[in-house]
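Structural characterization, general
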Amino acid sequence: MPLTVKDVRAALPDEVRPVFDSEIDTAPPHMAGGLIRTWALEVIPGDALDRVDVLLRAEQQAYGLGTDAA
């Protein structure tokens, strides 16, 4: 699951990578996370709802949230 700048960049097609790099390079720090999420949604397969669900689950796992531990 592409959740880092490096992973998202690698997953993008060559023709859009310069646009991604430009947006990341000029983004203020408080907007960087949202930008990575937006671009990550472009490389996750499936329809829009499936991509959002996959991204949310991956972020929850990365932060240890949503586990079955009770």
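Cut-offs applied
Residues numbered from 1 in each chain as written. Predicted model: local features only at pLDDT ≥ 70, side-chain atom pairs only at ≥ 80, totals over all residues. Heavy atoms only, no water. Helix = DSSP H or I, 4+ residues; strand = E, 2+ residues; numbered from the N terminus. Buried < 20%, exposed > 50% of the residue type's maximum accessible area, 1.4 Å probe, protein only. Axes fitted to C-alpha atoms, helices over the stretch in contact; angles between N-to-C directions. Parallel < 35°, antiparallel > 145°, perpendicular 65-115°, else oblique. Left-handed = near helix turned anticlockwise from the far one by under 90°. Contact = heavy atoms within 4.5 Å. pLDDT = per-residue confidence, 0-100. Salt bridge = Lys/Arg side-chain N within 4 Å of Asp/Glu carboxyl O. Phe/Tyr/Trp six-rings, centres within 6.5 Å; stacked < 30°, edge-to-face > 60°.

For the chain, the helix and strand inventory stands at 4 helices and 0 strands. Ordered by position from the N terminus, the helices and strands of the chain form the series α-α-α-α. With respect to the three principal axes, the spread of C-alpha positions in the chain is 45 × 30 × 20 Å. In the chain, which comprises 70 residues, the proportion classed as buried is 19%.

The next subject is the packing of helix H3 (residues 29–43) against helix H4 (residues 48–62). Following both chains from N to C, one finds H3 and H4 inclined at 125 degrees, their axes separated by 9 Å at the closest point. When the axis of H3 is compared with that of H4, the two are oblique. Two packed elements cross with a definite hand, and for H3 against H4 that hand is right-handed. Where H3 abuts H4, its residues Arg-37, Ala-40 and Leu-41 lie against Arg-51, Val-52, Leu-55 and Glu-59.

Considering every residue of the chain, the mean pLDDT works out to 85; 90% of them sit at 70 or more. Least confident of the elements in the chain is H4, whose mean pLDDT is 81; most confident is helix H2 (residues 17–26), at 96.

Time to look at the pattern of salt bridges. Counting across every chain of the model gives 3 salt bridges. In this structure, Arg-9 engages Asp-21 in a salt bridge whose closest nitrogen and oxygen atoms are separated by 2.6 Å. Taken together, the positions of Arg-9 in helix H1 (residues 5–11) and Asp-21 in helix H2 put the pair 12 residues apart, joining distant regions of the chain. Judged by relative accessible area, Arg-9 falls into the partly exposed class, the value being 27%. In this structure Asp-21 comes out as partly exposed when scored by relative accessible area, which is 23%.

Bringing the packing of aromatic side chains into the picture now. For the structure shown, the criterion picks out 1 aromatic pair. Aromatic pair Phe-20 and Trp-39: ring centres 5.5 Å apart, planes at 80 degrees, arrangement edge-to-face. You can see Phe-20 sitting in helix H2 and its partner Trp-39 sitting in helix H3, a full 19 residues away along the chain. Under the relative-accessibility criterion, Phe-20 is labelled buried at 0%. Looking at Trp-39, the relative accessible area reads 11%, which means it is buried.

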